Amino acid sequence: MKREKAISEQRKAESIDAAVWGGPSHSSDESSVIELEPRGWRIQAHYTGQLKRKIKEEPVQEAKPYDIDKWKVYDAYRKVKANKGSSGIDRIGMETYEINLKDNLYKLWNRMSSGSYFPKPVKLVEIPKSNGGKRPLGIPTIEDRIAQMTAVLILQPTLEPHFHTDSFGYRPGRSAHDAIAKAQERCWLYPWVLDMDISKFFDTIDHELLMRAVKKHIKEKWMLLYITRWIKVPYIKTDGEQIERDKGVPQGSVIGPILANLFLHYTFDTWMTNKHPTIPFERYADDTICHCKTMKEAEELQQSVGARLRECKLELNEEKTKIVYCKTSRRRQHYPITMFDFLGFTFRPRRALDKKSGECFTSFLPAISNKSAQKIRVEIRAWKLQHLRQLRLPVIASMKNPAIAGWVNYYGKFGRTEFWEVMNYLNATLSRWARKKFKGLGTGRNRSIYWLANVANVDRKLFYHWQQGFIPYLKSSQRV
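Parameters at a glance
- Residues numbered from 1 in each chain as written.
- Predicted model: local features only at pLDDT ≥ 70, side-chain atom pairs only at ≥ 80, totals over all residues.
- Heavy atoms only, no water.
- Helix = DSSP H or I, 4+ residues; strand = E, 2+ residues; numbered from the N terminus.
- Buried < 20%, exposed > 50% of the residue type's maximum accessible area, 1.4 Å probe, protein only.
- Contact = heavy atoms within 4.5 Å.
- Areas by Shrake-Rupley, 256 points an atom, 1.4 Å probe, with all protein chains shown as cover.
- Salt bridge = Lys/Arg side-chain N within 4 Å of Asp/Glu carboxyl O.
- 1 Å grid on protein atoms, 1.4 Å probe; cavity = no way out; pocket = protein on both sides within 12 Å on 5 of 7 lines; lining within 4 Å.
- Points joined across faces, edges and corners; volume = space filled by probe spheres on them.
- Nonpolar A, V, L, I, M, F, W, Y, C, P; charged D, E, K, R; others polar.
- Pairing = 2+ DSSP bridges.
- Axes fitted to C-alpha atoms, helices over the stretch in contact; angles between N-to-C directions.
- Polar contact = N/O pair within 3.5 Å; in protein donor to acceptor, adjacent residues only side chain to side chain.
- Core = buried A, V, L, I, M, F, W, Y, C linked by side-chain atoms within 4.5 Å.
- Parallel < 35°, antiparallel > 145°, perpendicular 65-115°, else oblique.
- pLDDT = per-residue confidence, 0-100.

**Quick word on the overall build of the protein chain**
The secondary structure content of the protein chain amounts to 16 helices and 13 strands. Within the protein chain, the proportion of its 480 residues that are buried is 47%. Put simply, of all contacts in the protein chain between residues at least 6 apart along the chain, 65% involve residues at least 24 apart. For the protein chain, the computed accessible surface area is about 26,800 Å², with 50% contributed by carbon and sulfur atoms.

**Notes on the pattern of salt bridges**
Here the structure, examined in full by the defined rule, presents 14 salt bridges. The salt bridge partner of R111 is E143, with a shortest N-O separation of 2.6 Å. Within this pair, whereas R111 is found in helix 4 (residues 101-114), its partner E143 is found in helix 5 (residues 142-159), the two being separated by 32 residues in sequence. Given the relative accessible area of 23%, R111 is considered partly exposed. Overall, E143 belongs to the buried group, its relative accessible area being 13%. Salt bridges sharing partners connect three or more residues here, namely R111, K120 and E143.

**Section: empty space enclosed by the protein**
Throughout the structure, instances matching the rule amount to one cavity of 30 Å³ or more. In this structure, the largest cavity spans a volume of roughly 70 Å³. Lining of the largest cavity is provided by 13 residues; of these, V122, Q148, W230, V233 and P250 occupy positions nearest its centre. Elements that contribute at least two residues to the lining of the largest cavity include exactly helix 5 and helix 9 (221-232). Residues of the lining of the largest cavity, tallied by class, amount to nine nonpolar, two polar and two charged.

**Structural notes on the sheet that holds strand 5 (residues 192-197)**
Strand order in this open sheet of four strands is 8-9-5-10, and the pairing throughout is antiparallel. Looking at strand neighbours, the two that pair on one side only are strand 8 (281-284) and strand 10 (322-325), the edges of this open sheet. Adjacent strand axes in the sheet meet at a mean angle of 20°, parallel and antiparallel pairs treated alike. One ladder, built from four bridges, connects strand 5 with strand 10; its direction is antiparallel.

**Remarks on the layout of surface pockets**
Estimates place the volume of the second largest pocket at around 390 Å³. Looking at the second largest pocket, it is lined by 15 residues, and the ones nearest its centre are N83, M149, V152, V254 and P257. Contributions of two or more residues to the lining of the second largest pocket are made by helix 2 (70-83), helix 5 and helix 10 (256-275). Considering every element that reaches the lining of the second largest pocket, the biggest residue donor is helix 5, with five residues.

**Considering the sheet that holds strand 12 (residues 345-353)**
Taken in spatial order, the three strands make up an open sheet running 11-12-13, and their pairing is antiparallel. Either end of the sheet is taken by a strand with one partner, and the two such strands are strand 11 (340-342) and strand 13 (360-368). With strand direction ignored, the average angle separating the axes of adjacent strands in the sheet is 50°. Pairing between strand 11 and strand 12: three bridges, direction antiparallel. If you follow F342 over to strand 12, its bridge partner there is F345. Along the sheet face, helix 6 (residues 176-189) touches strand 11, strand 12 and strand 13 and points at about 155° away from the line of strand 13.

**Re the environment of D341**
Relative to the elements of secondary structure, D341 occurs in strand 11. Each C-alpha atom of the pair D341 and N370 lies 9.6 Å from the other, and the pair is 29 residues apart in sequence. A polar side-chain atom of D341 sits 2.6 Å from a polar atom in the side chain of T346.

**Quick look at the nonpolar core**
By size, the foremost hydrophobic cluster in this structure holds 66 residues, and its most contacted members are I146, F201, V214, I227, I255 and C290. Setting aside anything within four residues of it in sequence, one finds I146 in contact with V73, A76, Y77, V80, Y97, L105 and L108. If you look at the next biggest cluster of nonpolar residues, it comprises 51 residues, including I368, L388, A405 and F463.

**Focus on the packing of helix 14 (residues 416-437) against helix 15 (residues 445-458)**
At their nearest, the axes of helix 14 and helix 15 sit 9 Å apart, and the two run at 110° to each other. Relative to helix 15, helix 14 is oriented roughly perpendicular. Side by side, helix 14 and helix 15 meet where N427, L430, S431, W433, A434 and R435 of the first sit next to R445, S448, I449, W451 and L452 of the second. Classifying every residue of the contact of helix 14 with helix 15 gives six nonpolar, three polar and two charged.

**Points about the confidence of the model for the protein chain**
In the predicted model, the protein chain carries a mean pLDDT of 85, and 85% of its residues have values of at least 70. Averaged pLDDT values for the elements of the protein chain fall to 32 in strand 1 (residues 34-35) and rise to 98 in strand 10. Counted against residues more than four places away or in other chains, residues 10-61, with its pLDDT under 50, gives 51 contacts. This stretch, residues 476-480, has a pLDDT under 50; its non-local contacts, to residues over four places away or in other chains, come to 16 contacts.

Rendered as structure tokens:
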């Protein structure tokens, strides 16, 4: 019995040696001896007998070459869902993606962690522009947006401290209103403005220069790998045509804004700080205005910026880039251009009231631009409220209040008087609906306006713009 037991122990030892050092396959009785350790470590075996040994635990290469936190992927999914984006080229919307959410997120994390994640082509949608052209909008798939958001959640805290104070676009705690308020303040201090426009900025960003900026701040290999794949993934047009890309960042992608900010941080912000430290500016993505003391300074800056952009393989749009004189009651120099548009607002000389003296004077102030106002009116007409006679007013309010709230909260911040005209058009459209719905109001426009004004006084919370004081009055009937 002792001899048979010794032979058995000898066979077990030989079997374990083979398992560790790459010898013949395991024998059938190894399972009682070998104890499996957690993934990523070699097998550790303990046994007793005449040939007692101990194989030390040794670390080996991790099963996943990239360490990506699963909870970051989940947080990214929640943010993508909150943004309510449409489906990409695979036609899988958020509701469909959530049917098997746990498995979908795990598969995405698993592929990202192993380096086998490849983004799908980006759906290209061309949006008409006011000047007759088209703006290309790239829409990634839901899965790719979650992957990009995962990278953004890690990137943003790293890059944020490096960005310039006067960069406002797509940054936490900063908004377009902050940029507009700062521009208004500086227009009072500086009489000249260089209004810049970069020609097709998002479509012409050089990939080599962009990755050079990315590598300056990012060391994670997985992020460098996937950023390269995201910016090179092809477009697919609605007719099925595939467009290969060797430059540019898709507008509409999740990671595009932060990459664009990083690119312009070195192309413009840092360069301005070094070359023109006395000239302040406000930049929101690629929309930029610079404040100058004299026209000569503005002209020299335009030439200098143009040369700098060409070095970085960008071009100024000569038709849209212009020098503007911020004319006021105290600035009486004659110059043909005295207004500019910035983030949906028009800056120009406007009548203002001195609160201390009560006297009127000319100031340089922002208000909703004609282009933005016309866009809102077109959307209101597209509602075709006159054909919704079967609905009650509270139902219409619940349907349209989200859009109205967006307009009021953004455009009502500056130039309230000019924004009144747009809201009066909305009230006039509502009064027209009332004339179609109620026969007693169809005999005259004034009667429907009085009726709507009475409704607004009784229930001010019904429509969002009524809550903010944009209630109907008789003059609005003239706009229908």
